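Now for the letters of each chain:
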Amino acid sequence: MKLITPQAYARSITPGAVTGLPADFRWGVATAAYQIEGAAAEDGRTASIWDTYCRVPGAVVRGENGDVACDHYHRMPEDVQLIADLGVDTYRFSLAWPRIQPGGRGPVNQRGLDFYKRLIDELDAKGVTPWITLYHWDLPQELEDAGGWPARDTAYRFAEYAQLAYDALGDRVTHWTTLNEPWCSAMLGYAYGVQAPGRKDFGQALDAVHHLLLGHGLAARYLRGAAGDRPLELGITLNLGTATPETDSEADLGACRRADGLGRRLYLDPIVYGRYPEDVLDDLAAAGVQLPVQDGDLEAISTPLDVLGVNFYRGTLFSGADESGSPVDAQGRPVTRAVERDLPRTDMGWEIIPSELTEVLLRLEDDYHLPTVITENGAAFADTVAEDGAVHDADRTTYLADHIDAVAAARAQGADVRGYFAWSLMDNFEWSYGYDKRFGIVRVDYATQQRTLKDSAKWYRDTIRLTRNGATQ
Ligand code: IFM
C-alpha cells in the first residue's frame, strides 16, 4: 500500500462561510469526563472500569491513565472561557457516573454533582448551551464487579442514575444524550477486550448490547416523563460509518450486510422501530447467540427521540473473502474482512474519506428519518509545536473543512442535519492510546497544563463566525 503522509493530505485553507448551513445550525465542541477531568479520587468519586483497566499491565500505551488528564476539574472556568472564545454555541460534555453516584448505587454525591452545577453556571454566564452525555464509558467499577453491562441489573442502575442526574440538572439543561457509542462499550469492552473492562466474550458482548439499549430506553422514558412541558432535546449517540463492498460479488455484499447489521442496524432498528433486524438475529443464532430480550424491553428501547447523535470518523471497504480468496474462515464462518484503501490516513491509521459522511447522513435520512447532529468528528495528527509556540495543524484544518463541507452537501441533498461538534475541544486521554494521540483543536502541554489554540481552532472559530454572518436561511 502506498503511504500518504498527513503533510501530503493537508491543504492551505482560509476560513470562509460554509454555503448552505443555516443561521440556527448548531456549532460545538465535545469532550468526555474521563478523558479530560482528572481529579480521579476527589470529592467522593470512586473508581470506574477505566481506572481499573488502566492499571492492567499492557492495556494502555505507556501505562497511562486519567488520574490527572487535562486537569479540567480544577481548570474548568479557564476551559469554559476557551470554549466561549471559540464562538461555539454549544458544549457537549459527559457526566462521570462514579462522581455523581459513586459505586453506581444509592444517593447522589453532592460534591460530585456540584462540579457540574458550577460548569453549567459558567457556561450559562458565557452564553454557551450545555449538552450532557450521561454515559461516556465510565461504568462504576462496583457495577462491573456485579456483572457489568452483560448483567440486566446494570440497565436498571443506569436508569436510576439518569433519574438522579435529570432531577438535579433537568431544570437547567435541555439537551441530553443517554449513551455515547454503545457499540464501543459492548464490542471493544466485552468482545475484543481492547477497552475497559477488557473482557473477550462475544456472547457477553451481545448481552451488553441489549442491556445498554435497555438502559438507554429506560432512561429516555424517565427523562421524557419527567420533562413534562419543559423543553427537552433527547437523543443517543452512535458511531456510524459506511460499509462499502470491494466488488459486487455476493460474498462482498454479504460481508457489508453483516458489518452494517452488527455495527449499525443492531442499534438503529430497535431504537427507531422497536425491533432487532431479523437477518442479524439469524446470524447471531447461527453463532449460538441469542439476545436476552424480555417482554416490554423493545417498547422502552424505542422511546421516541428528538435527535440522533452521529459520531463519524471513518468508513470501511469490506470483502467477503479472506486473503486466500476463501469465503469462510477455519471455523466455517463467513468472512467479513476490512480491506485497506489507498487513502490518506489520520494518526490513528483511519482512512480519510469525507464523502462517506455525506453518504451516512443521507442513509440515515432515508432509512431512519430522525434529525441528526454530528456529535463528534475530528482527527488525531502528530502535531508539532513551531518555534513561535504555534501549532500549524493544516492537516486537521483540512480534515475539519472537508467534513463540514460533507455535512453541507448532505443538507443540500435533503438530510436533516442540524449541528456539528468538533472532537475534541482539547487534546486528551485517548483511551487505550493514552496521551499519544492528539485530537484537540486546542493543544494541551501535559507537563504544564498550558492550553494553546492550534491553527485549526482559529480556523474553526472564524469559519463559524463567517458562516453565521453569511447564512441566509
Ligand atoms: O476519543 C474518542 C471518544 O471518546 C469517542 N469517540 C471516538 C473518539 C476518538 O477515538
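Now for a look at the structure at hand.

Now for the overall build of the protein. A count of helical and extended segments in the protein gives 16 helices and 13 strands. Against the globule reference of 23 Å for 473 residues, the protein gives a C-alpha radius of gyration of 21 Å, in line with a compact fold. Projecting the C-alpha coordinates of the protein onto the three principal axes gives extents of approximately 60 × 55 × 50 Å. Scored against the burial criterion, the 473 residues of the protein give a buried share of 58%. Taking the contacts inside the protein whose residues are at least 6 apart along the sequence as the reference set, 77% of them involve residues at least 24 apart. As displayed, the protein offers around 17,700 Å² of accessible surface, 50% of which is attributable to carbon and sulfur atoms. The distance from the centre of the 45 positive side-chain charges to the centre of the 70 negative ones in the protein is 3 Å.

Right, let's talk about the site of the ligand for a bit. Taken together, Gln35, His136, Trp137, Asn180, Glu181, Tyr313, Trp350, Glu376, Trp423, Glu430, Trp431 and Phe439 are the residues near the ligand. Separating a nitrogen atom of the ligand from a side-chain N or O atom of Glu181 is a distance of 2.9 Å. Residue Glu430 places a side-chain N or O atom 2.5 Å away from an oxygen atom belonging to the ligand. Its free accessible area being 280 Å², the ligand has 95% of it covered by the protein chains. Looking at side-chain class alone, the shell around the ligand contains six nonpolar, three polar and three charged residues.

This part covers the environment of Phe381. Looking at the secondary structure, you find Phe381 in the loop between β10 (372-377) and α15 (394-412). With 125 residues separating them in the primary sequence, Phe381 and Cys256 have C-alpha atoms 29 Å apart.

A few words now on the environment of Leu86. Structurally, Leu86 is set in helix α4 (residues 72-86). Separated by 283 residues in the primary sequence, Leu86 and His369 place their C-alpha atoms 31 Å from one another.

Applying the stated criterion across every chain yields a total of 42 salt bridges. The closest approach of N and O atoms between Asp283 and Arg257, which form a salt bridge, is 3.1 Å. Here Asp283 is found in helix α12 (residues 278-286), whereas its partner Arg257 is found in helix α11 (residues 250-273), with 26 residues between them in sequence. On the accessibility criterion, Asp283 (29% relative accessible area) is partly exposed. According to the relative accessible area criterion, Arg257 is partly exposed, its value standing at 31%. A cluster of three or more residues bridged by salt bridges with shared partners is formed by Arg257, Asp260, Arg264, Arg265, Asp279, Asp283, Arg363 and Asp367.

This part takes up unusual backbone geometry. For the bond from Ala196 to Pro197, the omega torsion is 5°, close enough to zero to count as cis. Along the chain, Pro197 turns up in the loop between α9 (182-191) and α10 (202-227). In this structure, Ser424 follows Trp423 across a cis peptide bond, with omega equal to 10°. Within the element layout of this structure, Ser424 appears in the loop between β11 (417-423) and β12 (442-445). Phi at Trp431 is positive, roughly 50°, even though this residue is not glycine. In this structure, Trp431 sits in the loop between β11 and β12.

Quick look at the environment of Phe312 now. The residue Phe312 is located in the loop between β7 (307-311) and β8 (316-319) in this model. Residues Phe312 and Leu240, 72 residues apart in the sequence, show an inter-C-alpha distance of 5.7 Å. If we skip the residues at most four places from it in the chain, Phe312 touches Leu240, Gly241, Ile353, Glu356, Leu357, Val360, Glu376, Asn377, Tyr399 and His403.

On to the sheet that holds β8. Overall, mixed pairing links the three strands, which are arranged β6-β8-β9 in an open sheet. Two strands bound the open sheet, and with one partner strand each, they are β6 (243-245) and β9 (337-339). Neighbouring strand axes in the sheet, compared pairwise and without regard to direction, differ in orientation by 50° on average. Taken strand by strand, α11 contacts β6 and β8, and its axis lies near 175° from that of β6.

Conventions used here
- Residues numbered from 1 in each chain as written.
- Predicted model: local features only at pLDDT ≥ 70, side-chain atom pairs only at ≥ 80, totals over all residues.
- Heavy atoms only, no water.
- Helix = DSSP H or I, 4+ residues; strand = E, 2+ residues; numbered from the N terminus.
- Rg over C-alpha atoms; globule rule 2.2 N^0.38 Å.
- Buried < 20%, exposed > 50% of the residue type's maximum accessible area, 1.4 Å probe, protein only.
- Contact = heavy atoms within 4.5 Å.
- Areas by Shrake-Rupley, 256 points an atom, 1.4 Å probe, with all protein chains shown as cover.
- Lys, Arg positive; Asp, Glu negative; His and termini not counted.
- Charge placed at Lys NZ, Arg CZ, Asp CG, Glu CD.
- Near = heavy atom within 4 Å.
- Polar contact = N/O pair within 3.5 Å; in protein donor to acceptor, adjacent residues only side chain to side chain.
- Nonpolar A, V, L, I, M, F, W, Y, C, P; charged D, E, K, R; others polar.
- Salt bridge = Lys/Arg side-chain N within 4 Å of Asp/Glu carboxyl O.
- Pairing = 2+ DSSP bridges.
- Axes fitted to C-alpha atoms, helices over the stretch in contact; angles between N-to-C directions.

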